Structures are given as structure tokens and as C-alpha cells.
Amino acid sequence: FFFFKQKTAYEISACLVGSEMCIRDSFNGIHSSSVYSVAFSPNGKYLATASRDNTCSLIDVEKQTRIECFNSLHTDYVRTVCFSRNSRYLVTGSWDSSICIVDIESRKLIKRLENVHTEGQSKGVWSVAFSVDGKYLAAGCYDKTVKIINTEELL
């Protein structure tokens, strides 16, 4: 697989050997529990990870180092991550039924949406995705619903 960014290509070489997959690069020690979701930023600079350890990490792809560990965004498993199309925002969704929007440049939380689920349900947000034009954020929830959020009202 090739991930393109500006004038260079970052190659993650995957090959099947029997029933095992060989991966050229891996990031160890980023999380203390299972990693549920990963996403590359559209500009190719960052990789975000979501984990059962209640944290989200931001990795610099070129330097292959973690540059931020967001450990106070959520109170339960971080289930999903995605970037805005302009790579300016990172969005996380959690079993605590919240969505957090982080400004990548400042690394600050700019908006937290609470109780993104149907009343009485738990284990809230399982997936998040921006629309192509960036005007909407969709959240797939444990309660079998999809929430559509107008980002122009948030950002």
C-alpha cells in the first residue's frame, strides 16, 4: 500500500507469507490495551489511534513517533477516530457516548458532544466520518442509529 503526501510516498509494505502478514513498520508501546481504530489524516502527516485504554494517540507518520496522547477526552473506551477533510480536526467517538473534536495544530479540545445516543442506551459511539464537503459529521451508534451533526454550528 502507498500513502501519498506532497511529493513523497510513504510505503507500508504488506505481504502475505502463508497465513501471516508481514508489516514493514509498527508502533509499539503506543497503548496499554487493544487498538480499536486507526485513521490517516488526508494530508498524510498524521496517524490517529483509538484504544480500549480510554486514550487516542496522534502519531507523526514521517518521524514515526507519538506526538500526543489524549488521555482525558473520554471516560471509557475510545472506539473510533477520523480526521476532517482539511486535516485540521481530529474526531473521536467513545463508549462513554461522547464525541470529541480536537484542533490538530493546538492539540486542544474544541468541542465535546455528550450523550450521542438514544435515551437509556449505553456504549454509545462506534464510528465517525466527515462528509466530503466537511459540513456534516456522521456518528454510528450502538443503539442502531446514525446521528448527523452539522459541523458549521460547531466549528
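Residues numbered from 1 in each chain as written. Predicted model: local features only at pLDDT ≥ 70, side-chain atom pairs only at ≥ 80, totals over all residues. Heavy atoms only, no water.

Caption draft 1: Representation of the pattern of salt bridges. According to the stated counting rule, one finds 3 salt bridges in the structure shown. As a salt-bridge pair, Asp103 and Arg88 come within 3.6 Å of each other at their nearest N and O atoms. In this pair, Asp103 sits in strand 11 (residues 99-103) while Arg88 sits in the loop between strand 9 (78-83) and strand 10 (89-94), placing the two residues 15 residues apart along the sequence. Note on Asp103: relative accessible area 11%, which makes it buried. Assessed through its relative accessible area of 46%, Arg88 is described here as partly exposed. Linking Asp96 and Arg112 is a salt bridge whose minimum nitrogen-to-oxygen distance equals 3.4 Å. With Asp96 in the loop between strand 10 and strand 11 and Arg112 in strand 12 (residues 108-113), the pair connects residues that are 16 residues apart, well separated along the chain. The buried category is assigned to Asp96, whose relative accessible area is 16%. By sharing partners, the salt bridges in this structure join Asp96, Arg112 and Glu114 into a single network. (Salt bridge = Lys/Arg side-chain N within 4 Å of Asp/Glu carboxyl O. Helix = DSSP H or I, 4+ residues; strand = E, 2+ residues; numbered from the N terminus. Buried < 20%, exposed > 50% of the residue type's maximum accessible area, 1.4 Å probe, protein only.)

Caption draft 2: Geometry of the confidence of the model for the protein. Chain-level pLDDT for the protein is 81 on average; 77% of the residues reach the 70-or-more range. When mean pLDDT is taken per element in the protein, strand 10 scores highest with 96 and strand 2 (residues 8-11) scores lowest with 39. Counting contacts from residues 1-19, a segment whose pLDDT is below 50, to residues more than four positions away or on other chains yields 33 contacts. (pLDDT = per-residue confidence, 0-100. Contact = heavy atoms within 4.5 Å.)

Caption draft 3: Spotlight on the sheet that holds strand 12. Spatially, the 4 strands line up as an open sheet ordered 9-10-11-12, and their pairing is antiparallel. Two strands bound the open sheet, and with one partner strand each, they are strand 9 and strand 12. For this sheet the average axis-to-axis angle between neighbouring strands, irrespective of direction, equals 20°. (Pairing = 2+ DSSP bridges. Axes fitted to C-alpha atoms, helices over the stretch in contact; angles between N-to-C directions.)

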